[in-house]
Amino acid sequence: MVLGLYPFADVAADGAPRLDADAGEELVRVERAAALALGPRAPEPPGTLFLTTKRVIWVSEGGKGYAVDFIAVSLHAVSRDPEAYPSPCIYTQIDTEAGSDEESDESDSEMNGEIDLLKVTEMRIVPSDPDQLDGLFEAFSHCAELNPDPNAESDEENGWVHGNEGEEDMTDGSDAEFSDVNPIGQTDDCDITHAVVEINDQRFQDAEEADKERNGNGH
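None of these values were measured; they are calculated from a predicted model. (Residues numbered from 1 in each chain as written. Predicted model: local features only at pLDDT ≥ 70, side-chain atom pairs only at ≥ 80, totals over all residues. Heavy atoms only, no water.)

## A look at the environment of Phe-70
Within the secondary structure layout, Phe-70 lies in the loop between strand S5 (65-69) and strand S6 (73-79). Here Phe-70 falls in the buried class, since its relative accessible area comes to 3%. Separated by 71 residues in the primary sequence, Phe-70 and Ser-141 place their C-alpha atoms 10.0 Å from one another. (Helix = DSSP H or I, 4+ residues; strand = E, 2+ residues; numbered from the N terminus. Buried < 20%, exposed > 50% of the residue type's maximum accessible area, 1.4 Å probe, protein only.)

## Some points on helix H1 (residues 133-145)
In this model, H1 (13 residues) spans 18 Å end to end at C-alpha, consistent with the 18 Å of a helix rising 1.5 Å per residue. The set of residues buried in H1 consists of Leu-133, Leu-136, Ala-139, Phe-140, Ser-141 and Cys-143. On its buried face, H1 sits against strand S2 (27-38), strand S3 (47-52), strand S4 (55-60), S6, strand S7 (89-94) and strand S10 (122-127). (Expected span 1.5 Å × (residues − 1). Contact = heavy atoms within 4.5 Å.)

## Looking at the pairing of S5
Here S5 lies mainly inside the structure; five of its five residues are buried. Where burial is concerned, the two faces of S5 agree: the one with Gly-65, Ala-67 and Asp-69 and the one with Tyr-66 and Val-68 are both buried. Note that strand S1 (residues 6-7) and S5 share two bridges and pair antiparallel. Bridge assignment links Tyr-6 to a residue of S5, and that residue is Ala-67. In the sheet, S4 pairs with S5 via five bridges, with the strands oriented antiparallel. Within the sheet, the bridge partner assigned to Arg-55 lies in S5 and is Asp-69. Between S4 and S5, which pair antiparallel one after the other, the connecting turn spans four residues, and Gly-63 there sits at a positive phi close to 100°. (Pairing = 2+ DSSP bridges.)

## With respect to the sheet that holds S7
Spatial ordering of the open sheet is given by S1-S5-S4-S3-S2-S10-S7-S6, a layout of eight strands whose pairing is antiparallel. Since the sheet does not close on itself, it has two edges, and those belong to S1 and S6, each with one partner. H1 contacts S2, S3, S4, S6, S7 and S10 of the sheet and is inclined by roughly 165° relative to S6. (Axes fitted to C-alpha atoms, helices over the stretch in contact; angles between N-to-C directions.)

So this is what it looks like as structure tokens:
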């Protein structure tokens, strides 16, 4: 798995990216004349956006390109608020290898005029036609679902299943009496087997006394 943006130049003669067919990568959507803004930088000149089952790939008319694996896209959303960004766009957040580094904020993503792709955590895709945003978002969502986070472990894998939200645990509230149940075969002070023997002994004694009384009354 590759975290973060990386340069992309593996383009065929017709301008389409070469996909990883061995990994089952397929093309999902093509968006022409789409601008790309990395971090706080101004948008790149319009190029072509390719959404595949594995990656987001953008290639400029001059052949310059960027790519990010969908597994590294932690968030994507439609942005139409001009106060957030001047143009309607698809806003994305990207996980990077330097994501936990205190020096990895956007202000440090550019050095000597060159952008450090490994530190870019935000990317905006600006289609030439804002009416394409909803369809583009649906395609993003579909591809994201095909690439779930491998670090997200479900409870089912560990043999646990969560109940529905709002259901109380058996050891809470009115079921609190179950919370102090002892291990099977034990009571607070002694082994439950001994307790059963004591009860049976007492019952035998009571039965013998009752038998003697009946015999004595008979005589």
